[in-house]
Amino acid sequence: MGHFHRMMNNRKGDVFLFILILVFFILTLAVILSEYFRIESLYQQAEYVIQRGVNSSVEYAMRDDYRRDGYSLMDSALAEETLYAYFYENMGLDSELNKYAGNQWVYQLEVDRIDATDSPPCLTLTGALKTRSVFNFLSGTIRLPFTISSVNIRIEEGGSHD
Amino acid sequence: MNSQHRGMGERSSLPRPFQKLLNKEGSSYIDLIIKTLVVITLMATVISFLGVFTTYLNLNHMCRRVVRVVELEGQIAEPVYDVFNRLKQQTGLSPEMTIEDVAYCDEQNQKIQLRDTFTITMTYSYAFTLFRPSFTDPIQIQIPMRVSITGMSEKYWKLPE
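Below you will find a few notes about this structure.

### Section: the interface of chain B and chain A
- Taken together, the contact pairs nine residues of chain B with nine residues of chain A.
- Of the residues contributing to the side of chain B that touches chain A, the split by class is five nonpolar, no polar and four charged.

Written as structure tokens, this is what we have:
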């Protein structure tokens, strides 16, 4: 403590303190950058996987009996049900939509709204990805909102196999 | 003074080209040349290694694109090989592609049912040139690269029962 006090009052100047401050800033900047890229990568991966789920739910819920007559219709209830099945079975989320890698919690999927329309066949998922970062003591849980939509208007295929 | 005299005597006994090496008065000129050479060598090494990373990134991009096409098509068919060949031309790489861990719902047409997963692996051997002597072939190290990406079919195949 005495040494620190002497160092702070030293008017001749000491580069040691300056180096300490510089190292602290460089380290903080490096941690902020790496954390930003980690979260960005996590967000993109999750968004990609969710988009795939929304696409496949629409594809599965298309009503082929209407498609062959030139109409594009979707069973919206089935699409929603299929999307939740995808969350649990394919994304490996638990009942509260938490994602774990081994025993470690990675993120939680927060579903705000699911809008499904029969015609045009469209499924829109609005929600957020909740995750933690090393800067939790500053910001708490990080919330990354997203809106993912899928539309299927293809009528030229399907329904040919009775 | 005595030591200076001794030093001068030692120096004069060496052949002329080596006398400069023992000169302790020093000129920063030689020091600067050596440092510049070291920096240039380091930069050349870093730049040549960048090629390895670029190739790996290209291979990763190729694999990702091909996986996406298979996901959308739900089938290992002509469009997949078209994209693969076009990417080969664009990047100048010629990797080998294998499709693994796949269960086809229609074996003959290689159709993958909705939400069934598959893995595409691309392997490539990057030739890293160490030296390029004029009198013989370049001396190269082969760096093996392997990218493996898992995808999931987004196509629903309604198959006859």
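Continuing now.
### Considerations on the environment of leucine 130 of chain B
All names here are of chain B.
- Mapped onto the fold, leucine 130 is located in strand β4 (residues 117–131).
- In this structure, the C-alpha to C-alpha distance between leucine 130 and glutamate 78, residues 52 residues apart in sequence, is 39 Å.
- When neighbours within four sequence positions are excluded, leucine 130 is seen to be in contact with Ile139, Gln140 and Ile141.

### Some details on the sheet that holds strand β1 (residues 96–100) of chain B
Residue and element names in this part refer to chain B.
- Overall, antiparallel pairing links the three strands, which are arranged β1-β4-β5 in an open sheet. Lying at the two open borders of the sheet, with one neighbouring strand each, are β1 and β5 (139–152). For this sheet, the mean angle separating the axes of adjacent strands, direction not counted, is 20 degrees.
- As paired strands, β4 and β5 are joined by 14 bridges and run antiparallel to one another. Residue pairing across strands places threonine 123 opposite arginine 146, the latter belonging to β5.

### Describing the pairing of β1 of chain B
Residue and element names in this part refer to chain B.
- The buried count for β1 comes to zero of five residues, which makes it a mostly uncovered element.
- Judged from the five bridges that link them, β1 and β4 form a sheet pairing that is antiparallel. Note that in β4 the partner of methionine 97 across the bridge is methionine 122.

### Quick look at the nonpolar core
- Judged by nonpolar contacts, the single largest core of 15 residues is most densely connected at Val54, Val58, Ala61, Met74, Ala79, Leu83 and Leu123 of chain A.
- Within the residue set of this core, elements represented by two or more residues are α2 (15–61), α4 (76–89) and β3 (122–131) of chain A.
- The element that contributes the greatest number of residues to this core is α2 of chain A, accounting for five residues.
- By size, the runner-up hydrophobic cluster in this structure holds 14 residues, among which are Met62, Val69, Ile120 and Val147 of chain B.

The rules behind each value
- Per chain, the residues get numbers from 1 upward, laid out in the order the sequence is written.
- As they are written, the chains are lettered A onward and the ligands numbered 1 onward, keeping that order.
- Since the coordinates come from a predicted model, pLDDT governs what is reported: local features require at least 70, and pairs of side-chain atoms require 80 or more to be given and counted, while whole-chain, interface and lining totals use all residues.
- By the convention adopted here, residues are in contact when the distance between their C-beta atoms, placed from the backbone, does not exceed 7 Å.
- Polar here means any residue other than Ala, Val, Leu, Ile, Met, Phe, Trp, Tyr, Cys and Pro, which are nonpolar, and Asp, Glu, Lys and Arg, which are charged; Gly is therefore polar.
- Strands here are runs of E lasting at least two residues and helices are runs of H or I lasting at least four, both read from the DSSP assignment and numbered beginning at the N terminus.
- For two strands to be treated as a pair, DSSP must find at least two bridges joining them.
- The axes are straight lines fitted to the C-alpha atoms, using for helices just the contacting stretch, and the angles between their N-to-C directions are given from 0 to 180°.
- Around each residue's C-beta, the other C-beta atoms within 10 Å are counted; 20 or more make the residue buried, 12 or fewer make it exposed, and counts in between make it partly exposed. All C-beta atoms are placed from the backbone.
- Think of a nonpolar core as buried Ala, Val, Leu, Ile, Met, Phe, Trp, Tyr and Cys residues chained together by C-beta atoms that fall within 7 Å.

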